Structure formats: structure tokens, C-alpha cells
Amino acid sequence: MKICMGIMKIARRRVLTSLCYCFVMFIVLLWLYKWSLDDTHNAISSRRKPKEEIVVAVVTCGSRLHETLNMLKSVLLFSTGEYPIKFVIVTEEDLMQNFSEKLEDWSEILKGHFTYELLALTFPEKNREEWINLFKPCAAQRLFLPSLLKHIDSVLYMDTDTLFLSSVVDIWKMFQQFNESQIVGLSPEHEDSSVGWYNRFARHPFYGPLGLNSGVMLMNLTRMRNFEWEQKILPIYKEYRTKITWGDQDLINILFHFHPEKLYVFPCEWNYRPDHCMYMSVCKAPSGVKIVHGNRGYFHSEKQPAFREIFAAIEEYQIGSDPYRHFLLPLIVRFKDISVTNSNCGKVTDKFLYKAKQLFKDNFYNYE
């Protein structure tokens, strides 16, 4: 009997030991399973981490509504959807409804691929009317974007008379090329000193040998605020107000004359203007024109019809339709018009088509 009792005690101990062992193993396996799930979740979250938002800012008023919408359309036309896009539009109260209606239509078609923010014009109270009417109506607002957009780190500022012929992502990535001191990116005003305006006519200091054009402007607003950009612009305006011709662009040139280390200079294909081809081709643009700038009304002029035809092709393109059939092919046909081929800028249309042919290349040779 005692032997049986002993055997039973030993058996119970073994059962309890086995149960304890199983329980411990269960806990360990449960922990490993949870760790695996967390690791997988973190990996998925890392892959799904939203990409940096690209912010395109524009200031517009008066009769520039349609021109501005065409610029915004060009951003969407060449957008691959790789990055989220936000438009910041600083404008008059009377134009906000027009912008809102059109942008809502586009957003519905593109399934929310972009967002937008409409803001009212805001100028310093001192000399407010002078700022509003400096050079062109409301153009000087761009000088005060750092304080107006305190909630935004960086923007790509675009004049209303600019159009994208490439993806906005390409120029946005230039921010990564800024060194630690640079706060703004701009292109030169000219490539050829024989036709340069600043080196021949300016009555004030300007950047470099040929000055800067401010139609396309990468703005690190955080760094500009730290640099006290606006506090430096105001005394420049006070000192040189009677000597400037091109308004806010001249003030920007003066500032970077005194602070050249704060500027990142990008090449002419990111701000291609009639001056680059109307006399002779002076902008090499080896990988094509990325942004075209129809300054001085060239999008609406007969002087260099290639610029007019680019504007019209984007204007007629319907958001959401096939860009190959409804933008690229029509533009190729437009460029064959005799008024274009007989013009100086018509001789470089291959540069205007370069990026579009790359991006919208499916079945290209079946249709050309």
C-alpha cells in the first residue's frame, strides 16, 4: 500500500511538473507571437508611412484667375501620384469661390489626390497700399509668406504665368540639396550678359553677374523665419524704393546681393522664359525644359507662338483624361503650325516635349 501511495505521489509531481512546463512554454510562445505581430505591424507601418507633402504656393488677384488655374492644372497633369500635393492659394475674397468650385471638381475626379488652402491677402499695415501695388497687383505678397504660412515648413512658390512640363517632385527634391545655410532657391535672370537687364540697367545692387528671376522660388519658410527675412526686406524697400523697376524681384535680388550664402541657384530649365530662345538658344536644358515661364504676357501673345501653344494645350486638357492622347499628341500637332516652326523658340520644341514624351510614352510610336 505504501509503495502504491509513493508511486501516486511521484506521478502527481510529474503531472504538476509537466503542467508547469507547458504553462511556461505557453507564456513564452505567446510572448514570441506577440513580438512577431508587433514587429510585422511596425514593418507595415514603416512601409505605409506617408510621404512628405509637396506644397505649391501661388499669389493671385485681378484677372489672373484663369492663368492660375492653368498653372495648377499643369501640376496635376504631370503628377504621378507618388507624393501628396497641397495647393496654397493667396488671393482676393472675390476669387475664393471660383477657385474652390474648380478645385473641388478636380479633387472629385482625382479621388482626393491633392488638398488646397485658400488664404486672404495680408500685407503689413505700414505702406500697405504701396505693397499691394508694387510692380503688379498683389505680387509682393510672396515676400510675406513666412509670416502668413507659419504652419508650413517649406513651399514651392510659382508665379501665375508658369506651367509645369515635368513632375513637381523633381524640383521639390532640390530642397535636399540645400546646404545648412541656404534658405531659398532661384534661377538666374539671364544666361547671356549681352542681353542681361540687371547688368546693363539696374540702379541698385543685385545678385551675381546677371541677377535672379523670382518666378519659380523654393522657399524654406522655417529657415526664412529664423533668418528674419521680412525684417530685412522692409529696410531694403525703404532704402531702394525709388530705384527698383521689377518690384519684389528687385528686392529679392538686393537681399541676396548682401547675403549670397543664403541662396541656392538652380539651372534655367526650371524657369525657362522667352529670353532663353527668342534671339538664340541660351539655355542648354540637356534633359528638357521642366518649367516654362511665359512672363511679359507671352502665353497670350503672337510673339513666340510656342509659348502660346503650350498654354492652350494645357488649357484644353481635361483633368482625369489620358494625357498621352489629350495633351501630348495635340501639343505635337500644335508645334507643327507654321507660325511656331518659323519662330526662334519654335526651333527648340523638342526641349518642351522632352519630359512629356518620357512620362506619357506608352504607345507613343503608334500615334505620332
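Scroll up a little and you will see the structure.
Residues numbered from 1 in each chain as written. Predicted model: local features only at pLDDT ≥ 70, side-chain atom pairs only at ≥ 80, totals over all residues. Heavy atoms only, no water.

## Side note on the overall build of the protein
And then number 1: Within the protein, the secondary structure is distributed over 15 helices and nine strands.
And then number 2: Counting every position in the protein, which comprises 368 residues, the buried fraction comes to 50%.
And then number 3: Sequence-distant contacts, at least 24 apart, represent 74% of the contacts inside the protein between residues at least 6 apart.
And then number 4: As displayed, the protein has an accessible area near 18,900 Å², and 55% of this comes from carbon and sulfur atoms. (Helix = DSSP H or I, 4+ residues; strand = E, 2+ residues; numbered from the N terminus. Buried < 20%, exposed > 50% of the residue type's maximum accessible area, 1.4 Å probe, protein only. Contact = heavy atoms within 4.5 Å. Areas by Shrake-Rupley, 256 points an atom, 1.4 Å probe, with all protein chains shown as cover.)

## Considering helix α11 (residues 305-316)
And then number 1: In this model, α11 (12 residues) spans 16 Å end to end at C-alpha, consistent with the 16 Å of a helix rising 1.5 Å per residue.
And then number 2: Looking at α11, one finds that the buried residues are Pro 305, Ala 306, Phe 307, Arg 308, Glu 309, Ile 310, Phe 311, Ala 312, Ala 313 and Ile 314. (Expected span 1.5 Å × (residues − 1).)

## Digging into the packing of α11 against helix α12 (residues 323-335)
And then number 1: Remark: α11 packs on α12, axes separated minimally by 10 Å, with the N-to-C direction vectors making an angle of 150°. Here α11 is positioned roughly antiparallel relative to α12, judged by the angle of their axes. Considering the relative orientation of α11 and α12, their crossing is right-handed. Between α11, through Ala 306, Glu 309, Ile 310, Ala 312, Ala 313, Ile 314 and Glu 316, and α12, the contact on the second element is made entirely by Phe 327, Leu 331, Arg 334 and Phe 335.
And then number 2: Here the residues of the contact of α11 with α12 are counted per class, giving eight nonpolar, no polar and three charged. (Axes fitted to C-alpha atoms, helices over the stretch in contact; angles between N-to-C directions. Parallel < 35°, antiparallel > 145°, perpendicular 65-115°, else oblique. Left-handed = near helix turned anticlockwise from the far one by under 90°. Nonpolar A, V, L, I, M, F, W, Y, C, P; charged D, E, K, R; others polar.)

## Examining the side chain of Ser 214
And then number 1: Along the chain, Ser 214 falls in strand β7 (residues 212-220).
And then number 2: Leave out the neighbours within four places in its chain, and Ser 214 touches Arg 142, Tyr 157, Asp 159, Leu 186, Gln 249 and Ile 252.

## Overview of unusual backbone geometry
And then number 1: The backbone of Lys 111 shows a phi angle near 55°, a positive value even though the residue is not glycine.
And then number 2: Its place among the elements puts Lys 111 in the loop between α3 (93-109) and β3 (114-120).
And then number 3: Despite not being glycine, Glu 228 has its phi angle at roughly 60°, a positive value.
And then number 4: Of note, Glu 228 is situated in the loop between α8 (221-227) and α9 (229-240).
And then number 5: Judged by relative accessible area, which is 42%, Glu 228 ranks as partly exposed.

## Examining the packing of α9 against helix α10 (residues 248-258)
And then number 1: It is the contact of α9 with α10, at a shortest axis distance of 10 Å, that shows an interaxial angle of 110°. What the angle tells us is that α9 and α10 run roughly perpendicular. Relative to α10, the crossing made by α9 is right-handed. Between α9, through Trp 229, Lys 232, Ile 233, Ile 236, Tyr 237 and Tyr 240, and α10, the contact on the second element is made entirely by Leu 251, Ile 252, Ile 254, Leu 255, Phe 256 and Phe 258.
And then number 2: The residue inventory of the contact of α9 with α10, partitioned by class, reads 11 nonpolar, no polar and one charged.

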